[in-house]
Amino acid sequence: MELIRGTREFAVGRPTAVSLGKFDGLHRGHQLLLERILKKKEEGLAALVFTFDFGRRPSLMLPGERRAMLRGKGMDYLLECPFVPEISHMEPEAFAAEILVRRLRAEYLAVGTDFRFGYERRGDYRVLTELGERYGFRVEVVEKACFEGREISSTFIREELALGCMERVNELLGYPYSVTGEVVHGQQIGRTLGMPTTNLHPEEEKLLPPNGVYATKTRIDGRSYEGITNIGLKPTVEGQRKKGVETYLFGVEQDLYGKEITVEFYAFRRPERKFDSLKELKQQLLLDTEWGKGYFAGKP
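Right, let's talk about the layout of surface pockets for a bit. Roughly 480 Å³ of volume is contained in the second largest pocket. G64, E65, S178, T180 and T262 are, among the 24 residues lining the second largest pocket, the residues nearest its centre. Broken down by element, the residue count for the lining of the second largest pocket peaks at five residues, all from helix α2 (residues 63-73). Partitioned by chemical class, the residues of the lining of the second largest pocket number eleven nonpolar, seven polar and six charged.

This part takes up the packing of aromatic side chains. What the rule picks out here adds up to 13 aromatic pairs. Considering the side-chain rings of F52 and F54, the 6.0 Å spacing of their centres and the 55° angle between planes classify their relative orientation as tilted. You can call F54 partly exposed: its relative accessible area is 31%. Seen in terms of ring centroids, F115 and F117 are 5.4 Å apart; in terms of plane orientation they differ by 15°. Their pairing is stacked. Given the relative accessible area of 9%, F115 is considered buried. Overall, F117 belongs to the buried group, its relative accessible area being 6%.

The subject of this paragraph is the pairing of strand β3 (residues 46-53). Of all eight residues that make up β3, six are buried, and the element is covered over most of its length. Two strands pair when backbone bridges link them, and strand β2 (residues 16-20) and β3 are joined in this way by five bridges, in the parallel orientation. By the bridge assignment for β3, T16 is matched with A46. Taken together, β2, helix α1 (residues 28-39) and β3 constitute a β-α-β crossover, and its handedness is right-handed. Relative to strand β4 (residues 77-82), β3 runs parallel, the two sharing six bridges. What sits directly across from V49, in β4, is L78.

Spatial strand order, β1-β4-β3-β2-β5-β8: six strands in an open sheet with parallel pairing. The open sheet has two free edges, formed respectively by β1 (2-5) and β8 (138-142), since each of these has just one partner strand. Here the average twist between neighbouring strands, direction ignored, is 20°. In this sheet, β4 lies alongside β1 in parallel orientation, the contact comprising four bridges. Looking at β4, one finds that L3 is bridged to L78. Running at roughly 155° to β4, α2 makes contact with β1, β3 and β4 of the sheet.

One open sheet accounts for six strands, arranged β11-β16-β13-β14-β15-β12; its pairing is antiparallel. At either margin of the open sheet sits one strand with a lone partner, and together these are β11 (177-182) and β12 (197-200). Across the sheet, the axes of successive neighbouring strands diverge by a mean angle of 35°, strand direction being ignored. One ladder, built from four bridges, connects β12 with strand β15 (residues 244-249); its direction is antiparallel. Looking at the pairing, T197 lines up with Y248 of β15.

Before going further, it helps to examine the nonpolar core. L34, I37, V49 and F265 are the most contacted members of the largest nonpolar core, which totals 44 residues. Here the element with the most residues in this core is helix α7 (residues 166-173); it accounts for four residues. Beyond its immediate chain neighbours, meaning those up to four positions away, V49 contacts S19, F23, L34, I37, L70, M75, Y77, L78 and L79. Core analysis: the second largest hydrophobic core is formed by 28 residues, V84, L100, L128 and V139 among them.

Basis of the calculations
- Residues numbered from 1 in each chain as written.
- Predicted model: local features only at pLDDT ≥ 70, side-chain atom pairs only at ≥ 80, totals over all residues.
- Heavy atoms only, no water.
- 1 Å grid on protein atoms, 1.4 Å probe; cavity = no way out; pocket = protein on both sides within 12 Å on 5 of 7 lines; lining within 4 Å.
- Points joined across faces, edges and corners; volume = space filled by probe spheres on them.
- Helix = DSSP H or I, 4+ residues; strand = E, 2+ residues; numbered from the N terminus.
- Nonpolar A, V, L, I, M, F, W, Y, C, P; charged D, E, K, R; others polar.
- Phe/Tyr/Trp six-rings, centres within 6.5 Å; stacked < 30°, edge-to-face > 60°.
- Buried < 20%, exposed > 50% of the residue type's maximum accessible area, 1.4 Å probe, protein only.
- Pairing = 2+ DSSP bridges.
- Right-handed = clockwise from strand over helix to strand, strands pointing away.
- Axes fitted to C-alpha atoms, helices over the stretch in contact; angles between N-to-C directions.
- Contact = heavy atoms within 4.5 Å.
- Core = buried A, V, L, I, M, F, W, Y, C linked by side-chain atoms within 4.5 Å.

Below you can see the structure in the form of structure tokens.
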């Protein structure tokens, strides 16, 4: 996949099938759009995702995570367009003529029913369809995916994530919500308790579920390991200021420092709390471990 970013002078050298949007989370609704443009590769079109680069802001999916997922799906191009006035202030027709036709060579576009484009969001899918007839590209309007009678959206997922409802989050996404990072040194408290852990400090822009304990799977070098994860500030042992993601992997004791791992969240167990002693903490962690193993065995 070719990544185009950091420039206003972008252009693509072959005809494309395009979808445009924020694509925060690449949820089930987004995936319907991606399926449409990937299908057009059979007709000789390159599959291209266009999104604006809004800079650092709280997100379900960091840019690196989105790039990796789109690359894995077989996308040919990802354009992260700078959100600058020269482009964001274009009227819908100017955007279609200059960006879609001249620079991206778009012959097919897949958009949702809520799609908006152009200055002050003046264009919608109806305007886009009319412009397609004028400039020679075809527009397919894809109905929104729904869950329990509500349209799936990044806003819907953020609401469920804030509640810690990981089963619902994963249902809306179509895959497990995850955090990726490099394993860093902690306070070694887990090791002294006989339960060594991995520690991550996610980027500040990455949205996390509420502080607490979760059933998780961790991907390391292509393999997946079950475990439990605490998100929070570890108030019993250190009361750190920066929120961390600490995972106890069932039956794994290898040295993982410096490795990049991905922690996937499946279910919420309990809120984070401060214990009166390390002994009390260990007793609770043993109960959490038993629950986590039962969860993955289908016996929560």
